[in-house]
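Residues per chain, in single letters:
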Amino acid sequence: MWGWMLGEGRRVVCEVACTRNWVALRHMGGGPRTFPGGVNKWKWKRMHEKFARDKQKRLIEQEKQLYEARIRSHIRSALSPDHRSAAAATHRPLSPNDHVKALADRFLKDGAQDLWNTRDGPLTPNPTPTQNLHFRPKHSRGYRSVPEVGNKRVGAHKYRFWRKGSDDSSSDESESENESELSLKTGSSASLGEYDVKREKRVVPKISEEVEFIRQELNKRKLKQIEEQETKEQHSNESILSNTRFDECGISPNTVKALSSAGYVHLTRVQEASLSICLEGLDALVKAKTGTGKSVAFLLPAIETVLKAASSNKSERVAPIYVLVLCPTRELASQIAAVAKVLLKYHDGIGVQTLVGGVRFKVDLKRLESDPCQILVATPGRLLDHIESKSGISLRLMGLQMLVLDEADHLLDLGFRKDVEKIVDCLPRQRQSLLFSATIPKEVRRISQLVLKREHKYVDTVGMGCVETPVKVKQSYLSAPQESHFQLVHHILREHILQTPDYKVIVFCITGMVTSLMYNLLREMKMNVREMHSRKPQLYRTRISDEFRESKQLILVSSDVSSRGMNYPDVTLVIQVGIPSDREQYIHRLGRTGREDKEGKCVLLIAPWEEYFLDEIKDLPLQEFPLPDIDPQAKLKIENSMAKIDNDIKEGAYHAWLGYYNSIREIGREKTTVVELANRFSESIGLQRPPALFRKTAIKMGLKDIPGIRIRFGAQLWICCWMTFELFRTDFQLEDLSYMGLCVLTIDGSSIFKALTSDLNDYTDAEPTFKLLQGRNLAQKRTIQFMEFLYVMFQGVRTPFITDQPSSNLLLVKLYKILQVLV
Ligand SMILES: Nc1ncnc2c1ncn2[C@@H]1O[C@H](COP(=O)(O)OP(=O)(O)OP(=O)(O)O)[C@@H](O)[C@H]1O
């Protein structure tokens, strides 16, 4: 009892204290911690603010209603002479009684029937005739809408006019028509003047069929004329150059001098459209057709930015990088840097550098330190490596003023997006961002906000509904059985060489390994051909790229590493063998020809089961290429040449082919069909039987139990290596990844691990075969464990484990033995 009382007492004291506190705190401006209902101070405050807002809203609503009622009353009083004096004098709304009275008066007037509302009751006359036209409030619903005098209804003509088909319709029609005309003119004396007069419907005269036909014909001709004019205008507009000269657009005289010594006088259209926006410092997303001068379009404002920043920041300790250009491939980075160097010819002390894969890391560092570099052109992979290795680049990027994404849609694609996001996170927020590409799909427009400010400008020099490809490129497609593709490529090339003495051709293949196979075949056929894909060492790639830029009468067989941005002048023909990964890739591959307003040709060679892709590019002007007759002699020659090609290349091509089509949604979902087609491909390239897949690879590709797939048995070895930065710190393309099967796993965020798997034999006597590792299966977990072990063991080791040297491969064997103990 005492305990309870004490408890209660304590509670009361507590409550009093709380109340006091609450009051005290309120006075102090702090307020109690909790308020009635257990809500906190801020919730309580917000609640009361909401109540106040609601109340205010209600008051405003009431006021509005009052105001409207007053206006109505005013109008009524102005219209009704009886009430004019009463209502107008007071300006107050009528009382309900007065209102009903006023209405009744109006309806009792002669000609007021047209004001009747159907909801007001039946319009049939009251059966009890009455002469009393006075208002009878008690029976207001019962009074007649139409007064009758004798048996004739007063004003019935007007009533009949508005209510056609009522029970009055039986009365004299001619009379009613005449009268209705009258009513139209006069209107009701109680109506709202001219606004209340209903107008007669305009009768549309019937058009004879002949007139209609002539009219349609005329319309058609007119449309045709407009279309012709538009096409003419489009062709004349298609010239990439504008009328604006470089010396008129406010850029540095030294740049203008460099431009004119490079032969550039007028801006191209995309340069004209984007330059002023970029010079204003605004963010922009710019779309322009391939080969129209986008590189100069972003390099000009980049140089201006450097000049401005350099003049204001003279005392920086670390030389800042003011402009960062990101692009997807190494060759494109070198090309952009080369153009920048041309434009910087007369700007002493301003330099441009590249950071791309395939170059020794230390070499990069030395170059960055020794040479001036205010503009950095980089591929995302290599730049990220530098950022993560804390090589000092992050510090230099703190002064960044402008970020450019060339081939922006590709960089924001799944293959690159993560790297780009990480890079953007390391850059200052206060910067200008420019995105350039020839294709900007809708999804890219949406995600471009990752880089651009919300209020960025969108510059589209292609225009809505216009063809996205250069008009002077003749596009065609050829659908033929897969087995005949090598023969057809050879045939098309031969024909083209005959017709075009200064030929320069790019043959695009679906993957690097298929590229290698095509190259070897054409070489065997004695054609002047070079190959370009990511399996080739960087030095080779650079040499071939330079050679092809300068040459004529040369064929470049390439994977998609050359599809974007590469400016090889005067390419006369592009052949695309197999469907590209998407519509955008088709446009970019095609864009290697017909640059700078020149003419070109593009042939898309597909198999009948790839024809669905034509739907994706149906808005582009493709024509069907006539199926050529292949000379049986040439056919035989090709078969013989194919027989001479190394089986390793063919097997690699088979695996890559299968991987590529299996990854394409439209084809890959039918696993049995993909395997069947792949096996037909294997047969067409002269393989005795389809090469076997590693079990794990087959599982990952979802092909393990598919008939026709051969699984590679024997010793499955997992050899995992920590690759040194020198060897593999590269920016692999997605395509390279699937082709080489490299799996990049980041374990501690700063080191990159690569896992590979192969048969022991492959390592001891041949180049290592790489396999794709994906998913989180046991094998991968073991791989990670092992890599962690290697990382600890070989920290600081900079010698590549895998080289062409057998001694290094022996090291792998040793590592494998350790692995066996470990895993
Ligand atoms: N103002 C100019 N006057 C004349 N030629 C120009 C001008 N600007 C650029 N060019 C030339 O136009 C060609 C194409 O330029 P660039 O490679 O920048 O095209 P692009 O629009 O970036 O193409 P892609 O979409 O394929 O990357 C180059 O040879 C370049 O020298």
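Residues numbered from 1 in each chain as written. Predicted model: local features only at pLDDT ≥ 70, side-chain atom pairs only at ≥ 80, totals over all residues. Heavy atoms only, no water.

A. Local environment of the overall build of the protein. Broken down by element type, the protein carries 32 helices and 25 strands. Of all 823 residues assigned to the protein, the portion counted as buried reaches 46%. Here the protein has roughly 45000 Å² of accessible surface; of this, 53% comes from carbon and sulfur atoms. (Helix = DSSP H or I, 4+ residues; strand = E, 2+ residues; numbered from the N terminus. Buried < 20%, exposed > 50% of the residue type's maximum accessible area, 1.4 Å probe, protein only. Areas by Shrake-Rupley, 256 points an atom, 1.4 Å probe, with all protein chains shown as cover.)

B. Quick peek at the UniProt feature "domain: DEAD-box RNA helicase Q" (unreviewed entry) in the protein. Taking the UniProt record as the reference, the feature "domain: DEAD-box RNA helicase Q" (unreviewed entry) is found at residues 244–272. Secondary structure content for residues 244–272 is 45% helix and 17% strand, and the end C-alpha separation is 7 Å. (UniProt positions renumbered as here; feature names shortened; annotations may be inferred.)

C. Focus on the nonpolar core. One finds Val 507, Ile 555 and Tyr 586 to be the most contacted residues of the largest nonpolar core, which totals 125 residues. With nine residues, helix α10 (residues 294–312) is the largest single contributor of residues to this core. Discounting chain neighbours no more than four positions away, the residues touching Tyr 586 are Gln 475, Gln 576, Pro 580, Cys 602, Leu 604, Phe 613, Ile 617, Leu 620 and Leu 622. Counting 30 residues, the second-largest nonpolar core is a separate cluster that includes Ile 387, Ile 393, Leu 405 and Leu 412. (Core = buried A, V, L, I, M, F, W, Y, C linked by side-chain atoms within 4.5 Å. Contact = heavy atoms within 4.5 Å.)

D. Seen up close, the packing of aromatic side chains. This model, assessed by the stated rule, comprises eight aromatic pairs. Look at Trp 609 and Tyr 661: their rings are 5.2 Å apart centre to centre, the planes differ by 80°, and that puts the pair in the edge-to-face class. One end of the pair, Trp 609, is in the loop between β19 (600–606) and α22 (613–616); the other, Tyr 661, is in helix α24 (residues 647–663), and 52 residues separate them in sequence. Its guanidinium or amino end placed over the ring of Tyr 540, Lys 536 lies 5.0 Å from that ring's centre, counting from NZ or CZ. (Phe/Tyr/Trp six-rings, centres within 6.5 Å; stacked < 30°, edge-to-face > 60°. Lys NZ or Arg CZ within 6 Å of the ring centre and 35° of its normal.)

E. Local environment of the sheet that holds strand β17 (residues 554–558). If you trace the seven strands from one edge of the open sheet to the other, you get β16-β17-β15-β18-β19-β14-β20, paired in parallel fashion. Bordering the open sheet on either side are β16 (529–532) and β20 (622–624), each of which pairs with just one other strand. Taken over all neighbouring pairs, the strand axes of this sheet differ in orientation by 20° on average, direction set aside. Bridging between β16 and β17 involves four bridges; their strand directions are parallel. Within β17, the residue paired with Met 532 across the bridge is Ser 558. In the packing of helix α21 (residues 583–590) onto the sheet, the strands contacted are β14 (473–479), β15 (504–508), β18 (573–577), β19 and β20, and the crossing angle to β18 comes to about 150°. (Pairing = 2+ DSSP bridges. Axes fitted to C-alpha atoms, helices over the stretch in contact; angles between N-to-C directions.)

F. Highlighting the site of the ligand. With respect to spatial proximity, 20 residues lie near the ligand, and among them Tyr 264, Gly 291, Lys 294, Ser 295 and Arg 595 are the closest. Gly 291 is positioned such that a nitrogen or oxygen atom in its backbone is 2.8 Å from an oxygen atom of the ligand. At a separation of 2.7 Å, an oxygen atom of the ligand approaches a polar side-chain atom of Ser 295. Contributions of two or more residues to the shell around the ligand are made by β6 (266–268) and α10. Tallying contributions element by element places α10 first for the shell around the ligand, with three residues. For the shell around the ligand, a count of residues per class yields four nonpolar, 10 polar and six charged. (Near = heavy atom within 4 Å. Polar contact = N/O pair within 3.5 Å; in protein donor to acceptor, adjacent residues only side chain to side chain. Nonpolar A, V, L, I, M, F, W, Y, C, P; charged D, E, K, R; others polar.)

G. Local environment of the packing of α24 against helix α26 (residues 671–684). At a minimum axis separation of 10 Å, α24 and α26 run at an interaxial angle of 150°. Classified by the interaxial angle, the pair formed by α24 and α26 is roughly antiparallel. In the crossing of α24 with α26, the sense of the turn from one axis to the other is right-handed. Counted together, Ala 653, Tyr 654, Trp 657, Leu 658, Tyr 661 and Asn 662 of α24 and Lys 671, Val 674, Val 675, Leu 677, Ala 678, Asn 679, Phe 681 and Ser 682 of α26 form the full contact between these two elements. (Parallel < 35°, antiparallel > 145°, perpendicular 65-115°, else oblique. Left-handed = near helix turned anticlockwise from the far one by under 90°.)

H. Structural view of α10. When the terminal C-alpha atoms of α10 are compared, their 28 Å separation across 19 residues agrees well with the 27 Å that a helix rising 1.5 Å per residue should span. Most of α10 is tucked away: 14 of the 19 residues are buried. (Expected span 1.5 Å × (residues − 1).)

I. Helix α23 (residues 632–644), seen in detail. For α23, spanning 13 residues, the distance from its first C-alpha to its last is 19 Å, which sits close to the expected 18 Å at 1.5 Å a residue. Those residues of α23 that fall on the buried side of the exposure criterion are Ala 634, Ile 638, Ser 641 and Met 642. Buried residues of α23, viewed axially, fall in a sector of 100°; they line one side. Of the exposed residues in α23, those oriented more than 90 degrees away from the buried face are Pro 632, Gln 633, Ala 643 and Lys 644. Check the buried side of α23 and you find it contacts α18 (485–499), α19 (512–524), α24 and α26. (Arc of directions from axis to C-beta.)

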